[in-house]
Amino acid sequence: MSPPPIELVLACRPRPNIDVDNLAQRAVLQKMKDSMEFVLALKNASLDDPLAKLSDDALDRLRNPPQGPIIIDSPGVRQSISMYLVLEHGSQEAYNRMRRATMRNFEGANGAEEILSFYNVEKLIAQHTGVESIEHDMCPESCLAFTGPFAHLESCPTCGLSRWDQAKLRASSGRTKVAAQKFVTIPLGPQLQALYRDPESARHMRYLWERTQEVLDGLRRTGKVPVVDDIAMGFDILGAVLDWRDQTG
Ligand SMILES: [Zn+2]
């Protein structure tokens, strides 16, 4: 007897039909109301949303990503980028010392004068890749970020601490409001677009799709998933891929 079609074996769980706006209106508890405000903000999120805090340049690159690989001719600039990447978990001082040592020891060599300062190499990488960080104010005790329903608060609703750097606030008689603590996010879109610019990383980005297709082909032929040693072999992801294919034709 031939195995049943995999579309039946991996039938997706039906999607729940949830009216988020209605749920938001019915929330009574404050924590629930706050959560629903975040859910609604996510539902209505767009690139033009001021909460996204993306610069005009970053938005423009997201919508019109550069396609070709990045070519850097100067060995000094390439050395700067290599040092920056190697010292990913090191200090700026470590980078600057290595820079000074390299410029001293390779004085007169091609590109030695073009080794960049820490500030400039970071700027160059951001320019080339389009990957930039976004800062948000947060509670000094790490209770929450001042975003979504908390964006306009001046103190933390959980612990009561002020959002602002007290020394700067006092020194300016209350005029200079600088966050006492910030956290940084690196948006995903520019990172993915940068990976697509390099042929090898672009190929790696197709891994999950290709592996999933292999597993589905094997399932069609034998009715079985071989040794489960990869995320691509889980029934949830296989079902989701089939579901997506059904919907997109
Ligand atoms: Zn707090």
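Cut-offs and rules
- Residues numbered from 1 in each chain as written.
- Predicted model: local features only at pLDDT ≥ 70, side-chain atom pairs only at ≥ 80, totals over all residues.
- Helix = DSSP H or I, 4+ residues; strand = E, 2+ residues; numbered from the N terminus.
- Rg over C-alpha atoms; globule rule 2.2 N^0.38 Å.
- Buried ≥ 20, exposed ≤ 12 C-beta atoms within 10 Å, placed from the backbone.
- Contact = placed C-beta atoms within 7 Å.
- Domains from an automatic or database assignment.
- Axes fitted to C-alpha atoms, helices over the stretch in contact; angles between N-to-C directions.
- Left-handed = near helix turned anticlockwise from the far one by under 90°.
- Expected span 1.5 Å × (residues − 1).

(A) Expanded view of the overall build of the chain. Within the chain one finds 12 helices and two strands. Its helices and strands taken in sequence order, the chain reads α-α-α-α-α-α-α-β-α-β-α-α-α-α from the N to the C terminus. For the chain, whose C-alpha radius of gyration is 25 Å, the value lies well above the compact-globule estimate of 18 Å for 249 residues. Taking all 249 residues of the chain together, the buried fraction comes to 8%. Partitioning the contacts of the chain with sequence separation of at least 6, the portion at a separation of at least 24 is 50%.

(B) Quick peek at the domain arrangement of the chain. Once the domains are mapped, the chain shows domain 1 (6-13 + 197-248), domain 2 (75-129) and domain 3 (134-185). The centre of domain 2, based on its C-alpha atoms, is set 34 Å off from the matching centre of domain 3.

(C) The arrangement of the environment of cysteine 156 in detail. Along the chain, cysteine 156 falls in the loop between strand 1 (134-137) and helix 8 (166-171). Sequence separation of cysteine 156 and methionine 138 is 18 residues, and the distance between their C-alpha atoms is 8.6 Å. Beyond its immediate chain neighbours, meaning those up to four positions away, cysteine 156 contacts Cys139, Glu141, Cys143, Leu144 and Leu161.

(D) Molecular detail of the packing of helix 5 (residues 75-86) against helix 6 (residues 92-105). Where helix 5 contacts helix 6, the two axes come as close as 10 Å, and the packing angle between them is 145 degrees. Note on packing geometry: the crossing formed by helix 5 with helix 6 is right-handed. Residues Gln79, Met83 and Tyr84 of helix 5 touch helix 6, and the partners they reach there are Tyr95, Met98, Arg99 and Thr102.

(E) Fine view of helix 7 (residues 118-129). When the terminal C-alpha atoms of helix 7 are compared, their 17 Å separation across 12 residues agrees well with the 16 Å that a helix rising 1.5 Å per residue should span. The first or second residue beyond helix 7 is glycine 130, which carries a positive phi of 80 degrees.

(F) Fine view of unusual backbone geometry. In the Ramachandran plot, serine 142 falls in the positive-phi region, its phi being about 70 degrees despite a non-glycine side chain. Judged by the 12 C-beta atoms lying within 10 Å of it, serine 142 is exposed. Positive phi outside glycine occurs at serine 173, with the angle close to 55 degrees. Here serine 173 lies in the loop between helix 8 and strand 2 (182-185).

(G) Quick look at the environment of asparagine 64. Checked against the element boundaries, asparagine 64 lands in the loop between helix 4 (56-63) and helix 5. C-alpha of asparagine 64 to C-alpha of methionine 103: the two residues are 39 residues apart in sequence and 37 Å apart in space.

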